[in-house]
Amino acid sequence: MRAVIVSKPGTASVESVPEPICAPDGVIVRVERCGVCGTDQHLFEGDYGLARYPVIPGHEISGAVVEVGREVSSVHPGDHVVIEPNIHCEHCSYCRTQRGNHCLDLRVIGINQPGGFAEYVQAPERNIYVVAGLSAAQAAFVEPLSCVVHGVRRLALQPGSRVLLAGAGPIGLLMLQTLRRSGAAAIAVTDLHTFRLELARRLGADACLQAGAAASAALREVAPLGFDAVIDCTGIPQVVESLVPYAANGGKVLLFGVAPEHAQMTIRPYELFQRDLTILGSFAVAYTFDAAIVLLEAGAVTVDGLVTHHLGLDGFVSGLTAARAGEGALKVQLDPALAT
Ligand SMILES: [Zn+2]
Ligand SMILES: [Zn+2]
């Protein structure tokens, strides 16, 4: 089968590799869509600690089941499915306390196990979710939306909250819509790109501001005492640093965007102390696939307009470049059935 191989950081090519052989508890999925995400960028650049090379990347996978192992009973050939990429050991202390995203032996499809930028991919039965009501393009958003749901649960917003969201890329726009269903009464969004801000406005943002010096005064006008929650969806340490002062006293700051592995930022402990601030991280997916599927199937979160690039496997590197540049690009999805 054809697959994208990242042989080492900075080197990717489409190659012919053996198809996966179905394990007794395994499910083989013919990939229909697989989203390119910021994590793939980090994996390609060599600054994502969990990655192991060579690897077939791709962890935002939707497709159709073509084969199941002899122990598999809940999934059948022909089912349209999405794959939870995190494979937990189920035995360690974290797995036994419902914190499987911190599994001590975490294997991740598309990071250190063969992923979805390929014609076929294998996952254990327990990582498969049937999504009858979603198109393949919609279903490939279940994984990133699951990460967003985990982040929003970590935030535990109270009804009536004012929220500041930095970054209106694909994740920011999923976050925006999830927040609106989770207690946020007013949401201000900042981004560099006006087309993203326009989409944010259509998807329910109350104030949309171009990031930069002028945004500062405008944000103070929107929320003179600051925001109950401030969320970074850029992963840029300088942006995160600049966001902390916008949290109201007693507010929360959620670091959701993935920063480079060794990046550092400065925080004044005294500010956390004196202002009762809470800083939160949010790693991957934590039993949130079902909620993400409900949000999409119910139309509470829409992905209309989010896919700007529908490319073949050959489009991996150009898709990363387009997504990074940002202008005119939101979600890039690869489709192994497309020639280029
Ligand atoms: Zn991702
Ligand atoms: Zn474990």
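Look up a bit, the structure's there.
Notes on the structure in this doc start here.

## Some thoughts on the coordination of the zinc ion (ligand 1)
So, step 1. Protein coordination at the zinc ion (ligand 1): the donors are Cys-37 (SG), His-59 (NE2) and Glu-60 (OE), at 2.1 to 2.5 Å from the metal.
So, step 2. Sequence positions of the donors to the zinc ion (ligand 1) reduce to the motif C-x21-H-E. One exposure class covers both His-59 and Glu-60, and it is buried.

## A word on unusual backbone geometry
So, step 1. Of note, the amide linkage connecting Tyr-53 to Pro-54 takes the cis form, showing an omega dihedral of -5°.
So, step 2. In the Ramachandran plot, Glu-90 falls in the positive-phi region, its phi being about 70° despite a non-glycine side chain.
So, step 3. Despite not being glycine, Ala-284 shows a phi value in the positive range, around 60°.
So, step 4. Along the chain, the position of Ala-284 falls in the loop between β15 (278-281) and α9 (289-297).
So, step 5. Taking relative accessible area as the criterion, Ala-284 reaches 18% and is therefore assigned buried.

## Quick look at the packing of helix α3 (residues 142-155) against α9
So, step 1. The geometry of α3 relative to α9 is characterised by a closest axis approach of 8 Å and an angle of 110° between their N-to-C directions. In terms of axis orientation, α3 runs roughly perpendicular to α9. Along the contact surface, α3 presents Val-142, Glu-143, Leu-145, Ser-146, Val-149 and Arg-153, while α9 presents Phe-289, Ala-291, Ala-292, Ile-293, Leu-295 and Leu-296.
So, step 2. By residue class, the composition of the contact of α3 with α9 is nine nonpolar, one polar and two charged.

Reading the values: the criteria
- Residues numbered from 1 in each chain as written.
- Chains lettered and ligands numbered in written order.
- Predicted model: local features only at pLDDT ≥ 70, side-chain atom pairs only at ≥ 80, totals over all residues.
- Heavy atoms only, no water.
- Donors = N, O, S within 2.8 Å, 3.2 Å for Na, K, Ca; no water.
- Buried < 20%, exposed > 50% of the residue type's maximum accessible area, 1.4 Å probe, protein only.
- Helix = DSSP H or I, 4+ residues; strand = E, 2+ residues; numbered from the N terminus.
- Axes fitted to C-alpha atoms, helices over the stretch in contact; angles between N-to-C directions.
- Parallel < 35°, antiparallel > 145°, perpendicular 65-115°, else oblique.
- Contact = heavy atoms within 4.5 Å.
- Nonpolar A, V, L, I, M, F, W, Y, C, P; charged D, E, K, R; others polar.

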